[in-house]
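# Residue-level structure breakdown
Read off the chains here:
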Amino acid sequence: MGKTSNTGSKSAKQKMWGGRFSAAPGELMQAINVSIGFDQRMADQDIRGSIAHAAMLAQQGIITQQDHDAIKAGLLAIKAEIAEGVFPFSDELEDIHLNIEGRLRENIGEAAGRLHTGRSRNDQVATDFRLWVRDYLDHFDAQLSDLMQALLGKAGENTETIMPGFTHLQNAQPVTFGHHMLAYLEMFARDRSRFQDCRKRMNESPLGAAALAGTPYPIDRDMTAKALDFDCPMANSLDAVSARDFALEALSCATICATHLSRLSEEIVIWTSAQFQFIKLSDAFTTGSSIMPQKRNPDAAELVRAKVGRIMGALTSLTIVMKGLPLAYSKDMQEDKEPVFDGFDALSLGLAAMAGMVRDMRPNKDRLAESAGAAYSTATDLADWLVRELGMPFRNAHHVTGTIVALAEGQGLTLDALALTDMQTVEPRITDDVYSVLSPLASASSRTSYGGTAPSEVAKQVARWEELLK
């Protein structure tokens, strides 16, 4: 985009404001009031909205077809200037809406002044902002689909890769690496669904609500809503210009999604450590140390983990801006865009980085298998075997298993390495069939309930998601 400039005439500013003011704003007022430095990101949406509005005005006979043609051609020329980076953005003209209207006046003359018939900057900015958020939600949908595909690919490659499952970050029961990847796929699928629901709710058009009360011109709000791919016009003009809950909801969805990114990032940080060595990341997603040549730091994961702070901060910021505002529009609402822009940029970068890291990571299968058998992770399988084969009440089986674990620990052995005779000193009815459940792979393979970690169940879920993500 072109550079923001302080150039521009006071007379141009006064013309935009009309005859009520005899002087241009003072420097301090100008500084606090200007938003072109950030809201120029909505230039495309502003032009789309204006083209739709002009077409409706012509259709309704409110402006001539000649003026419409001049306005449309002028707006398309401005769009090209912005795309080429030569548009003369001006602080004097305050925001993207007045910048475009001012440039249109320079290019086509008096006809430009008729574009604003039947609308206000209040419904104009509300429309632009909805369009921008909606466009970004579509962008998130594509990014989440890509991340889900990356997780699915990694799961499909590792349906039988055994790893420890944790509770309290302590070894709990063996699971498969594919099952672990699918857990995050499910989380991001819900995030995608939340964004899609948010998009449905927000897809109504504010355009035509004017300043707050509607307009006496015979406008056709259904026509402009359809032109901009909204489902319908908003039904209340006060709500149309003052509602920002669509942005709050989108930031809420973004915050939940960011927490999922942060949780996976934390696991990547842990897994790449020397203490765990569960996975490896290539140079593409790690950095070195300025003083310690042996270091390979998972900086990409750490930065994605931190993004949730910015995104949640954006949600908090906008909530506080909106919480005390009476209907309808207040200038406070100029502060709605920067947190949304910043929060969405942070989430977009985080989603892209995570998809890249998931595709890049390589599980250390030997280390994962070794860790899966540590800390007596198959003890629950032993207890279940006692219940299933010997008819023992689970609480009794739990006690017997605890005693056998203590026996194995005293000898420095894993459960599957403990002698049968030693186990029989605790419970004489135990047979050598017990060893069929005591290895990590056997443990994981036995978890065949729907949604379980057995390789056979993970393969079924991989097939299910392959179909869903076609």
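Before reading on, note that the structure itself is shown above.
Described in the following lines is the structure provided in the data block. (Residues numbered from 1 in each chain as written. Predicted model: local features only at pLDDT ≥ 70, side-chain atom pairs only at ≥ 80, totals over all residues. Heavy atoms only, no water.)

A count of helices and strands for the protein chain gives 19 helices and eight strands. Against the 2.2 N^0.38 benchmark of 23 Å for 470 residues, the protein chain shows a C-alpha radius of gyration of 31 Å, more extended than a compact globule. Counting only C-alpha atoms and orienting by the principal axes, one finds that the protein chain spans roughly 100 × 55 × 40 Å. Scored against the burial criterion, the 470 residues of the protein chain give a buried share of 50%. Considering only contacts in the protein chain between residues 6 or more positions apart, those separated by 24 or more positions represent 75%. Surface exposure of the protein chain reaches about 21700 Å², of which carbon and sulfur atoms provide 53%. (Helix = DSSP H or I, 4+ residues; strand = E, 2+ residues; numbered from the N terminus. Rg over C-alpha atoms; globule rule 2.2 N^0.38 Å. Buried < 20%, exposed > 50% of the residue type's maximum accessible area, 1.4 Å probe, protein only. Contact = heavy atoms within 4.5 Å. Areas by Shrake-Rupley, 256 points an atom, 1.4 Å probe, with all protein chains shown as cover.)

This part takes up the environment of glutamine 411. Relative to the elements of secondary structure, glutamine 411 occurs in helix α16 (residues 394–411). Excluding anything up to four places from it in sequence, glutamine 411 contacts Leu418 and Asp422. Here the side chain of glutamine 411 touches aspartate 422 through a polar contact of 3.2 Å, side chain to side chain. (Polar contact = N/O pair within 3.5 Å; in protein donor to acceptor, adjacent residues only side chain to side chain.)

Below, the discussion takes up helix α19 (residues 455–468). The α-helix advances 3.6 residues per turn, and as a result positions three or four apart in sequence lie on the same side. With 14 residues, α19 should cover 20 Å at 1.5 Å per step; its first-to-last C-alpha distance of 20 Å lies within 8% of that length. Buried-residue contacts for α19 involve α7 (121–157), β4 (170–176), α8 (177–202) and α18 (440–445). (Expected span 1.5 Å × (residues − 1).)

This paragraph deals with the pattern of salt bridges. Summed over the entire model, instances satisfying the criterion amount to 29 salt bridges. Taking the shortest distance from any N to any O, the salt bridge between aspartate 138 and arginine 199 comes out at 2.6 Å. Remark: arginine 199 occurs in helix α8 and aspartate 138 occurs in helix α7; sequence separation between them is 61 residues. The closest approach of N and O atoms between glutamate 370 and arginine 367, which form a salt bridge, is 3.6 Å. Taken together, the positions of glutamate 370 and arginine 367, both in helix α14 (residues 365–372) and three residues apart, correspond to about one turn of that helix. When its relative accessible area of 54% is taken as the criterion, glutamate 370 is described as exposed. A single salt-bridge network, built from bridges that share partners, covers Asp44, Arg48, Lys79 and Asp135. (Salt bridge = Lys/Arg side-chain N within 4 Å of Asp/Glu carboxyl O.)

Further remarks concern the side chain of histidine 260. Mapped onto the elements of the fold, histidine 260 is located in helix α11 (residues 245–271). The residues contacting histidine 260, other than those within four sequence positions of it, are Tyr184, Met187, Phe188, Asp191 and Arg194.

We now examine the packing of helix α4 (residues 43–59) against helix α6 (residues 96–108). What describes two packed helices is the angle between their axes and the distance between those same axes. Closest axis-to-axis distance for the α4/α6 pair is 10 Å, and the angle between their directions is 60 degrees. In terms of their interaxial angle, α4 and α6 are classed as oblique. The two elements α4 and α6 cross, and the hand of that crossing is right-handed. Residue-level contacts link Ala43, Asp46 and Ile47 of α4 to Ile96, His97 and Ile100 of α6. (Axes fitted to C-alpha atoms, helices over the stretch in contact; angles between N-to-C directions. Parallel < 35°, antiparallel > 145°, perpendicular 65-115°, else oblique. Left-handed = near helix turned anticlockwise from the far one by under 90°.)

Geometry only, nothing functional implied.
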